[in-house]
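This is what each chain is made of:
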Amino acid sequence: MFKRGILLDFLLAALAASTTASATPPADGAPHLERSGANTRLIVDGKPYLILGGELRNSSTSSFDYMRPIWPQMAAEKFNTLLAPTTWEQVEPQEGKFDFSLVDAAITGARENNLHLIFLWFGSWKNGISSYEPVWVKSNMKRFPRVQDAEGTNLEILSAFDNANRDSDARAYAALMKHIREFDGTKHTVLMMQVENESGILGDTARDHSPEAEAAWKKPVPEALLTFLAKNKALLQPEFLDVWARTGYKNKGTWAEVFGNSQRAEEIFEAWQYSQYIDAVAGAGKAEYAIPMYVNTWITQYTGEPGGEHPSGGSVSRVLDVWLAGISHLDIVAPDIYLPDLRGVLASYDHLGNPLFIPETRNGAAGGANALYAFGQGVIGFSPFAVDQAAESENVALGAVYRVIDQLTPLLTTTDRTKIASVVRQEGDAKAAVELDDYLLRIQYEGVTVRGAGGGTATNGAATTPFGAALIINTAPDEFIVAAEGVTINFLPNSNRVRQVSIMSVEEGIFSNGVWVPGRRLNGDETNSNDHLIFRGDMPTIQKVKLYRHD
Ligand code: DGJ
């Protein structure tokens, strides 16, 4: 959690300049990604936008009546964007005959409640299985071939090696994007698209053994992949390099020759194929309406071989390099993070200029703490799953953090990432530290308690909070805006320019339209006489601190 090194920043900035996100705004003013240095921003109607998201359950938007009370409820609970499926079987029930009534209903429902939408295209795959494609696809395995296991048994998964599968999916997705442009191209309710959902082969086989897949397995590894790997060799994910090292980094030959004859090599082979297929679907959609598009990832849940703990070929971090090599229309490879180690997972996707977005994650107080951390790491958005069926207390706890992030949006989206740091308490943590400006910030989680009803200070209140997170923005020399909960923060000299440092002033406050509005001045008990910042554990707040250096 120390601030990233200068060399890494430089490399990221150089890489960012060569990635796929558009550098010039699209002529139609559609939502788009914009990069500068290590920052990626989602621009909506000319302004940077942070997705304070929530994903609806997968069946929710298939019913107008079900959704009617949900739209206003979600808006009241402080979500600004909902993620909602739109499925191939719904939009193309008969081949070539499209029905966009549910798409229009979702856009209208969101729009009437000042919400934005991200549609999840459940086309060929959802959670590694093909369950949302139309009956005319499902029932015709001759025309739409399936993944086969080593015994030749058809699985309930469309083969990523078949062009008929890909082209039919791409045609439907392109029709959807054309319709969204016509229905929403000037209003921009729809911000982004997720293409497919958690793809990869779910089951015991690490690769497809259909005749087309068998032929591809024996072909040379494509030049485009090998060139990418050679160019970025020093930066590739360690787990990927481990596999490649076993063949002495061979850079010519069949998949088995270059990556070995193992399940890990088969996973790499599938990762390339899924990236090609889904990127082609995304490309067909972008030709109609070029808003940002991403894939989400069922990340590895336990250590072990592919096929069991995550779908083989999905964009897990150990094959993220293969995915990044394979895509040119997709803008983001995003992790769904339900694991406790949100920090570690996010760090592994902060890779080669890949923009950060968390499309699925946990809700509630834990989610809120994670959101504080994630927005400090430069995510463009955060979105717990199943928010329409969550207990109200879960959405309320997250909403308290979303209110804070909402206030900070202008500052967060215009400050260079190197001036922003964040921490979040994970199991076993008692403290953390970050470097910013000329200071080391020593952050303690233990000893910070939820304030008791009697209103003591945060260090002598009631029950200890299990949550702690801080998002710190260095707004000027010796000045910081801190949004936090469940932490205390000391400032220590961290450069030969500072002998000693003391707190000059601490204000609690809010941002209103980007302008700081101070509330209480906290220079006494609430900072232990200016020794450290104190953030109680049950409510995220914002403080502005000014320091002074002295002998
Ligand atoms: C991840 C999937 O992407 C979601 O659609 C949903 O099925 C959840 N898992 C369920 O936990």
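Calculation rules
Residues numbered from 1 in each chain as written. Predicted model: local features only at pLDDT ≥ 70, side-chain atom pairs only at ≥ 80, totals over all residues. Heavy atoms only, no water. Pairing = 2+ DSSP bridges. Helix = DSSP H or I, 4+ residues; strand = E, 2+ residues; numbered from the N terminus. Axes fitted to C-alpha atoms, helices over the stretch in contact; angles between N-to-C directions. Contact = heavy atoms within 4.5 Å. Buried < 20%, exposed > 50% of the residue type's maximum accessible area, 1.4 Å probe, protein only. Arc of directions from axis to C-beta. Salt bridge = Lys/Arg side-chain N within 4 Å of Asp/Glu carboxyl O.

Draft legend 1. Region of interest: the sheet that holds strand S12 (residues 358-361). On the basis of which strands lie adjacent, the closed barrel formed by 8 strands has the order S4-S5-S6-S9-S10-S11-S12-S13 and parallel pairing. Adjacent strand axes in the sheet meet at a mean angle of 30° when their direction is disregarded. By the bridge criterion, 2 bridges tie strand S4 (residues 51-55) to strand S13 (residues 381-384) in an arrangement that is parallel. Each bridged residue has a counterpart across the sheet, and for leucine 52 the counterpart in S13 is phenylalanine 382. The strands touched by helix H15 (residues 364-376) are S4, S12 and S13; relative to S13, the strand with the most contacts, the crossing angle is about 165°.

Draft legend 2. Up close: helix H9 (residues 223-231). The set of residues buried in H9 consists of Leu225, Leu226, Phe228 and Leu229. An end-on view of H9 places all buried positions within 160° of arc, on one side of the element. Away from its buried face by more than 90 degrees, H9 exposes Glu223, Ala230 and Lys231.

Draft legend 3. Geometry of the pattern of salt bridges. Summed over the entire model, instances satisfying the criterion amount to 22 salt bridges. Notably, a salt bridge pairs aspartate 167 with arginine 166, separated by 2.9 Å at the nearest N-O pair. Look at arginine 166 and you get partly exposed, because its relative accessible area is 26%. Note that arginine 549 and aspartate 438 form a salt bridge whose closest N and O atoms lie 3.0 Å from each other. On the criterion of sequence distance, the pair formed by arginine 549 in strand S23 (residues 541-550) and aspartate 438 in the loop between strand S15 (431-436) and strand S16 (439-444) is long-range, its members being 111 residues apart. Classification of arginine 549 as partly exposed rests on a relative accessible area of 31%. Given a relative accessible area of 6%, aspartate 438 falls into the buried group.

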